[in-house]
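Chain by chain, the residues:
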Amino acid sequence: MGKVVDITDKLNFDDNPKLMIRGKEIEVATDAPTMLKVMNLMGSKDPGIKEIMDAINLLLPEKSRKEIEKMKLSFGDLMIVVQEAIALVVGDVNGGEH
């Protein structure tokens, strides 16, 4: 019989992290399949509007997207939200804050 190594204690099963914007908590999806898709979308040198919108739809659950829409952020501010959401997840993946 082969060796069995239980790594459960090394894994993070906690809730998704959140960004705080104007006192509202914005949940960010952190599961690996989602983040791989987001990184692929945003990996090009100059992602277009479609890639950005797809990334937002993947990164932010519906409730979070609705909160963002209510805030009526500028495009530049929306890009900051996307960048910070990715940085939040990548920091978690790398074992620390960004």
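Residues numbered from 1 in each chain as written. Predicted model: local features only at pLDDT ≥ 70, side-chain atom pairs only at ≥ 80, totals over all residues. Heavy atoms only, no water.

Engineer: Talk me through the overall build of the protein chain; I want residue IDs and the actual numbers.
Structural biologist: When its secondary structure is counted, the protein chain shows four helices and two strands. Across the protein chain, helices and strands are ordered from the amino to the carboxyl terminus as β-β-α-α-α-α. Here the protein chain holds 98 residues, and 31% of them are scored as buried. When contacts within the protein chain are restricted to residue pairs at least 6 apart in sequence, long-range pairs at least 24 apart make up 52% of them. Split by element, the accessible area of the protein chain, about 7300 Å² in all, is 54% carbon and sulfur. Distance between charge centres in the protein chain, computed from 13 positive and 17 negative side chains, equals 4 Å. (Helix = DSSP H or I, 4+ residues; strand = E, 2+ residues; numbered from the N terminus. Buried < 20%, exposed > 50% of the residue type's maximum accessible area, 1.4 Å probe, protein only. Contact = heavy atoms within 4.5 Å. Areas by Shrake-Rupley, 256 points an atom, 1.4 Å probe, with all protein chains shown as cover. Lys, Arg positive; Asp, Glu negative; His and termini not counted. Charge placed at Lys NZ, Arg CZ, Asp CG, Glu CD.)

Engineer: Talk me through helix α2 (residues 49-59); I want residue IDs and the actual numbers.
Structural biologist: Counting along an α-helix, one turn takes 3.6 residues, and residues three or four places apart therefore face a common direction. For α2, the complete set of buried residues consists of Ile52, Ala55, Ile56 and Leu59. All buried residues of α2 project into a common sector of 100° when viewed along the axis, lining one side. (Arc of directions from axis to C-beta.)

Engineer: Would you mind going over unusual backbone geometry in detail, with residue names and values included?
Structural biologist: Of note, Arg22 is a non-glycine position whose phi angle comes to about 50°, a positive value. Looking at the secondary structure, you find Arg22 in the loop between β1 (18-21) and β2 (24-27). Accessibility expressed as a relative area gives 66% for Arg22, which makes it exposed. In this structure, Lys72 is a non-glycine residue whose phi angle is positive, near 50°. One can find Lys72 in the loop between α3 (62-71) and α4 (75-93).

Engineer: Could you give an account of a nonpolar patch on the surface, with specific residues and numbers?
Structural biologist: A surface patch of nonpolar side chains, about 420 Å² in accessible area, is lined by Val5, Ile7, Leu11 and Phe13. Relative to the assigned elements, Leu11 resides in the segment before β1. Note on Leu11: relative accessible area 44%, which makes it partly exposed. (Patch = residues over 30% accessible without salt bridge, like charges linked within 9 Å, V, L, I, M, F, W, Y side chains within 5 Å. Salt bridge = Lys/Arg side-chain N within 4 Å of Asp/Glu carboxyl O.)

Engineer: Give a detailed account of the side chain of Ser64, specifying residues and quantitative values.
Structural biologist: With respect to the helices and strands, Ser64 occurs in helix α3. Ignoring anything within four residues of it in the chain, the contact list for Ser64 reads Ile26 and Glu27.

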